[in-house]
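Residue-level listing of the chains:
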Amino acid sequence: TYPQEAIKLQPVLSQMQDVFKEFYLNKYSGRCLAFRNQLGTCVIKAEFAEDGGSSGKPRVKKHELSVSVFQGVVLLLFNETDSMPFTEIATHTGMGEIELKRTLQSLACGKKETRVLRKEPAGREVSDDDVFHVNTKFASKKYRVKINQIQLKETVSFRRLVSHCTRLHTRAWF
């Protein structure tokens with residue numbers, strides 16, 4: 001079993017999960033279905049305005065963003081507004097602080113070609129005082145853009161525990 005991470009899904013995502021759950025349980029009676037949002041992925045179709053160059057008319061550039069469900073929940077908040085402070089994002093998503101910071105870091109501080117959000121003040125770390133904006137200068141040569149989630153940093157105590165368990169397992173095996 002995998003621990004359930006708390007998150008508030010937007011109504012559109014909840015409806016999609018409900019429709020699929022109904023379909024699945026009708027097709028396979030007697031089974032149980034549980035969604036683990038921290039493990040899921042989704043594809044979001046996005047449109048970004050691009051400078052029109054010599055014509056002067058702004059063009060719309062379409063992309064499919066392949067993201068985790070957590071990243072998708074955050075991105076959908078920006079359908080309503082162009083900017084939002086960290087505290088407001090935390091309230092709307094209901095995500096834990098560490099998970100939310102990691103998610104926002106992947107959307108605003110990752111590789112240049114995957115930064116669909118930008119943060120103020122600029123920097124690699126996310127703090128409670130940061131404000132996030134839609135990156136109007138986002139550009140990618142690819143139609144489908146995969147945005148990877150930032151990996152959690154291993155702590156020294158975690159590495160010691162893994163090393164200890166591995167040694168015990170190896171001794172038990174021999």
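Each remark here, short or long, concerns the structure printed above.
Structural notes, computed from the coordinates.

### Details of the packing of aromatic side chains
Then comes step 1: Across all of its chains, the model carries four aromatic pairs by this definition.
Then comes step 2: Arranged with centres 4.6 Å apart and planes meeting at 45°, the rings of Phe48 and Phe138 form a pair that is tilted. Residue Phe48 is located in strand 1 (residues 41-50), and its partner Phe138 is located in the loop between strand 5 (131-134) and strand 6 (144-146); the two are separated by 90 residues in the primary sequence.
Then comes step 3: Geometry around Phe86 places Lys101 over its ring, the cationic atom sitting 5.9 Å from the centre.

### Side note on the side chain of Thr114
Then comes step 1: Structurally, Thr114 is set in the loop between helix 4 (97-108) and strand 4 (117-120).
Then comes step 2: Once you skip the residues sitting within four places of it in the chain, Thr114 turns out to touch Ser106, Leu107, Phe138, Val145, Lys146 and Ile147.

### What to know about helix 3 (residues 86-93)
Then comes step 1: Turning to helix 3, its buried residues are Phe86, Ile89 and Thr93. When helix 3 is viewed along its axis, its buried side chains cluster within an angular range of 60° and face the same direction.
Then comes step 2: Close packing links the buried residues of helix 3 with helix 2 (69-77), strand 3 (83-85), helix 4 and strand 5.
Then comes step 3: At the C-terminal side of helix 3, Gly94 shows a positive phi close to 70°.

### Examining the pattern of salt bridges
Then comes step 1: For the structure on display, the rule yields seven salt bridges.
Then comes step 2: The salt bridge partner of Glu97 is Lys101, with a shortest N-O separation of 2.9 Å. Taken as a pair, Glu97 and Lys101 lie in helix 4 at a separation of four residues, close to a single helical turn.
Then comes step 3: Its relative accessible area of 44% is what places Glu97 among the partly exposed residues.

### Side note on unusual backbone geometry
Then comes step 1: Geometrically, the link from Glu120 to Pro121 is a cis peptide bond, its omega value of -5° lying close to zero.
Then comes step 2: By secondary structure assignment, the location of Pro121 is in the loop between strand 4 and strand 5.

### So, the nonpolar core
Then comes step 1: Among the nonpolar cores identified, the biggest contains 33 residues, and Val74, Ile89, Leu104, Val116 and Leu117 are the most heavily contacted of them.
Then comes step 2: Mapped onto this core, the elements with two or more residues apiece are strand 1, strand 2 (59-68), helix 2, helix 3 and helix 4.
Then comes step 3: Ranked by the residues each element gives to this core, the list is headed by helix 2, at seven residues.

### Focus on the sheet that holds strand 3
Then comes step 1: Read across the open sheet, the three strands follow the order 3-5-4; overall the sheet is antiparallel. Here the strands that pair on one side only, and so sit at the sheet edges, are strand 3 and strand 4. With direction set aside, neighbouring strand axes in the sheet form an average angle of 25°.
Then comes step 2: One ladder, built from three bridges, connects strand 3 with strand 5; its direction is antiparallel. Among the inter-strand pairings, Ser83 is bridged to a residue of strand 5, identified as His133.

Calculation notes
- Residues numbered from 1 in each chain as written.
- Predicted model: local features only at pLDDT ≥ 70, side-chain atom pairs only at ≥ 80, totals over all residues.
- Heavy atoms only, no water.
- Phe/Tyr/Trp six-rings, centres within 6.5 Å; stacked < 30°, edge-to-face > 60°.
- Helix = DSSP H or I, 4+ residues; strand = E, 2+ residues; numbered from the N terminus.
- Lys NZ or Arg CZ within 6 Å of the ring centre and 35° of its normal.
- Contact = heavy atoms within 4.5 Å.
- Buried < 20%, exposed > 50% of the residue type's maximum accessible area, 1.4 Å probe, protein only.
- Arc of directions from axis to C-beta.
- Salt bridge = Lys/Arg side-chain N within 4 Å of Asp/Glu carboxyl O.
- Core = buried A, V, L, I, M, F, W, Y, C linked by side-chain atoms within 4.5 Å.
- Pairing = 2+ DSSP bridges.
- Axes fitted to C-alpha atoms, helices over the stretch in contact; angles between N-to-C directions.

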